[in-house]
Amino acid sequence: MAQTHTYIGTFGTQYNRGPHPECPGLSGDHYVTVQADSLIQAHQLMLRTFGQAWAFIYPASDWAPATLNNFAPAGEYGRISPDGEFTINPQPKEAA
């Protein structure tokens with residue numbers, strides 16, 4: 001069994017000007033946490049969940065908490081599990 005890693009999926013600023021096509025409450029000020037066995041699987045999970053309507057994906061270890069909070073001030077919108085289940089946080093913050 002492969003080790004699961006944590007990744008951060010980001011969204012473009014275009015979603016601050018209009019609704020996200022897959023998740024209307026999601027904005028460019030949010031991020032999604034992805035649990036996956038590899039970066040390739042994380043990309044596949046983001047594509048399955050959001051189509052092409054996302055920007056980048058990074059290993060979570062690349063982000064200091066303060067940097068992530070500055071980059072995505074609305075915080076974590078939801079999580080994608082290794083099996084592809086997308087769970088929206090019960091009360092995600094709204095974008096500024």
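Preceding this paragraph is the structure being described.
Below: a short report on this structure. Predicted, not measured: the structure shown is a model, and the values here were computed from it.

Now for the overall build of the protein. The number of helices and strands found in the protein is two helices and five strands. Reading the helices (α) and strands (β) of the protein from amino to carboxyl end gives β-β-α-β-α-β-β. Radius of gyration (C-alpha) of the protein: 12 Å, near the 12 Å computed for a compact globule of 96 residues. Classification of the 96 residues of the protein by burial places 40% in the buried group. Intrachain contacts of the protein at a sequence separation of at least 6 include 67% that bridge at least 24 residues. By element, 53% of the accessible surface of the protein is carried by carbon and sulfur atoms, the whole surface being about 5600 Å². The positive charge centre, built from 4 side chains, and the negative charge centre, built from 8, are 5 Å apart in the protein.

Here we come to the packing of aromatic side chains. Tallied over the full model, the rule gives five aromatic pairs. Pairing F11 with F50 gives two aromatic rings, centres 5.0 Å apart and planes at 80°, and the pair type is edge-to-face. Here F11, found in the loop between strand 1 (5-10) and strand 2 (30-36), pairs with F50, found in helix 1 (residues 39-50); they are 39 residues apart in sequence, far enough to count as distant. Looking at F50, the relative accessible area reads 1%, which means it is buried. Residues Y58 and W63 carry aromatic rings whose centres are separated by 5.3 Å and whose planes lie at 80° to one another, so their mutual orientation is edge-to-face. By relative accessible area, which is 25% here, Y58 ends up partly exposed.

Our focus in this paragraph is the side chain of Q41. Inspection of the secondary structure puts Q41 in helix 1. Judged by relative accessible area, which is 16%, Q41 ranks as buried. Among all residues touching Q41, those that are not within four sequence positions of it are A36 and P82.

The next subject is the environment of R48. Tracing the backbone shows R48 in helix 1. When neighbours within four sequence positions are excluded, R48 is seen to be in contact with D83 and G84.

What follows deals with the pairing of strand 1. Of the pairings in the sheet, the one linking strand 1 to strand 2 comprises six bridges and is antiparallel in character. Residue pairing in the sheet places G9 in a bridge with V32 of strand 2.

Here the focus is the environment of L68. Mapped onto the fold, L68 is located in helix 2 (residues 65-71). The sequence separation of L68 and M46 amounts to 22 residues, and the corresponding C-alpha distance is 19 Å. Every residue in contact with L68, bar those within four places of it in the chain, is listed here: I8, Y31 and W63.

What counts as what
- Residues numbered from 1 in each chain as written.
- Predicted model: local features only at pLDDT ≥ 70, side-chain atom pairs only at ≥ 80, totals over all residues.
- Heavy atoms only, no water.
- Helix = DSSP H or I, 4+ residues; strand = E, 2+ residues; numbered from the N terminus.
- Rg over C-alpha atoms; globule rule 2.2 N^0.38 Å.
- Buried < 20%, exposed > 50% of the residue type's maximum accessible area, 1.4 Å probe, protein only.
- Contact = heavy atoms within 4.5 Å.
- Areas by Shrake-Rupley, 256 points an atom, 1.4 Å probe, with all protein chains shown as cover.
- Lys, Arg positive; Asp, Glu negative; His and termini not counted.
- Charge placed at Lys NZ, Arg CZ, Asp CG, Glu CD.
- Phe/Tyr/Trp six-rings, centres within 6.5 Å; stacked < 30°, edge-to-face > 60°.
- Pairing = 2+ DSSP bridges.

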